[in-house]
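Residue-level structure breakdown
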Amino acid sequence: MSVAALVSGEPVLVKEIDEREAQLRATNLASALPRPHTSEGRQLRRWLTQLIVAERVVAAEAAARGLTASGVPAEDTVVPDTAARLEIGSVAASTLADPVARAVFADVTAAVRVDDADVTAYHARNPMRFAAKPVVDEQGWRSRPVEPALDDVRERIAEHLLAAARRRAFRLWLDSRCAELVQLSPGYEHPGDPRQPDNTHKH
């Protein structure tokens, strides 16, 4: 049987990539996907391979740590918007659809902290980030936004920075674990690997 990758020596079969691609093409996203057997279509299969091996790495970590889906954060608190998904990366973000993966996320990032200097510096760089929304009067005029005092938004800034720091820590952890545990077969390299022929990203 053809093998797309090994995760801790265990094979990910090409058949699994085929099945995942077929599932994706059966959804309402199908019209936006590249045609099979094209350069872009092969890149999609590489991305699916990355997702499957990442899911396996995360599942193995959950088992090793004795983690379950009980009491995990909701997906929209971990990756609340498009910016957060871009920040953490599409593969890591997609793994977090699974509650067990979010248990790993919570455990891996539990020690991440943000200090007060970071909060102060962020407010200095982005003084209007958490300003109150302008009030619209009866004539449709909007009030001028007012820069909030640091103490009024300190907690919100700290939450914002901590969430971003935890996403970054999880992404780095997942990248590191995949580098340690995953071997990719020819044709199933990372989509961004400059050595594979379908990578068209140039500098």
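Here, the structure is the one placed above.
Residues numbered from 1 in each chain as written. Predicted model: local features only at pLDDT ≥ 70, side-chain atom pairs only at ≥ 80, totals over all residues. Heavy atoms only, no water.

Quick notes on the sheet that holds strand E2 (residues 10–13)
Taken in spatial order, the three strands of this open sheet run E2-E1-E3, and their pairing is antiparallel. Each of the sheet's edge strands pairs with one partner strand only, and the pair in question is E2 and strand E3 (182–184). Strand-to-strand twist across the sheet, computed as the mean angle between neighbouring axes with direction ignored, equals 25°. Pairing between strand E1 (residues 3–7) and E3: three bridges, direction antiparallel. For Leu6, the partnering residue across the bridge sits in E3 and is Gln183. Contacts from helix H8 (residues 150–181) reach E1 and E3, with the element oriented near 65° to E3. (Pairing = 2+ DSSP bridges. Helix = DSSP H or I, 4+ residues; strand = E, 2+ residues; numbered from the N terminus. Axes fitted to C-alpha atoms, helices over the stretch in contact; angles between N-to-C directions. Contact = heavy atoms within 4.5 Å.)

A word on the side chain of His123
Structurally, the position occupied by His123 is in helix H7 (residues 116–125). For His123, the side chain forms a polar contact with the main-chain oxygen of Pro148, separated by 3.2 Å. Here His123 is in contact with Glu147, Pro148, Ala149, Leu150, Val153 and Ile157, once residues within four sequence places are set aside. (Polar contact = N/O pair within 3.5 Å; in protein donor to acceptor, adjacent residues only side chain to side chain.)

Thoughts on H8
Its 32 residues give H8 an end-to-end C-alpha distance of 44 Å, which sits within 8% of 46 Å, the value for a rise of 1.5 Å per residue. In H8, a bend of some 30° at Arg156 exceeds every other bend along the element. (Expected span 1.5 Å × (residues − 1). Bend = angle between axes of the 7 residues up to and from the residue.)

Notes on the layout of surface pockets
Estimated volume of the largest pocket: approximately 340 Å³. Going through the elements one at a time, helix H2 (39–65), helix H5 (90–95), H8 and E3 are the ones with two or more residues in the lining of the largest pocket. Here the lining of the largest pocket gets five residues from one element, more than from any other, and that element is H8. A per-class count over the lining of the largest pocket returns 12 nonpolar, five polar and two charged. In this structure, the second largest pocket encloses a volume near 150 Å³. For the second largest pocket, the full set of lining residues is Pro73, Thr77, Val78, Phe105, Ala106, Glu159, Leu162, Ala163, Arg166 and Arg167. Taken together, the elements giving at least two residues each to the lining of the second largest pocket come down to helix H3 (75–78), helix H6 (99–108) and H8. With five residues, the single largest contributor to the lining of the second largest pocket is H8. Looking at the lining of the second largest pocket residue by residue, the classes come out as six nonpolar, one polar and three charged. (1 Å grid on protein atoms, 1.4 Å probe; cavity = no way out; pocket = protein on both sides within 12 Å on 5 of 7 lines; lining within 4 Å. Points joined across faces, edges and corners; volume = space filled by probe spheres on them. Nonpolar A, V, L, I, M, F, W, Y, C, P; charged D, E, K, R; others polar.)

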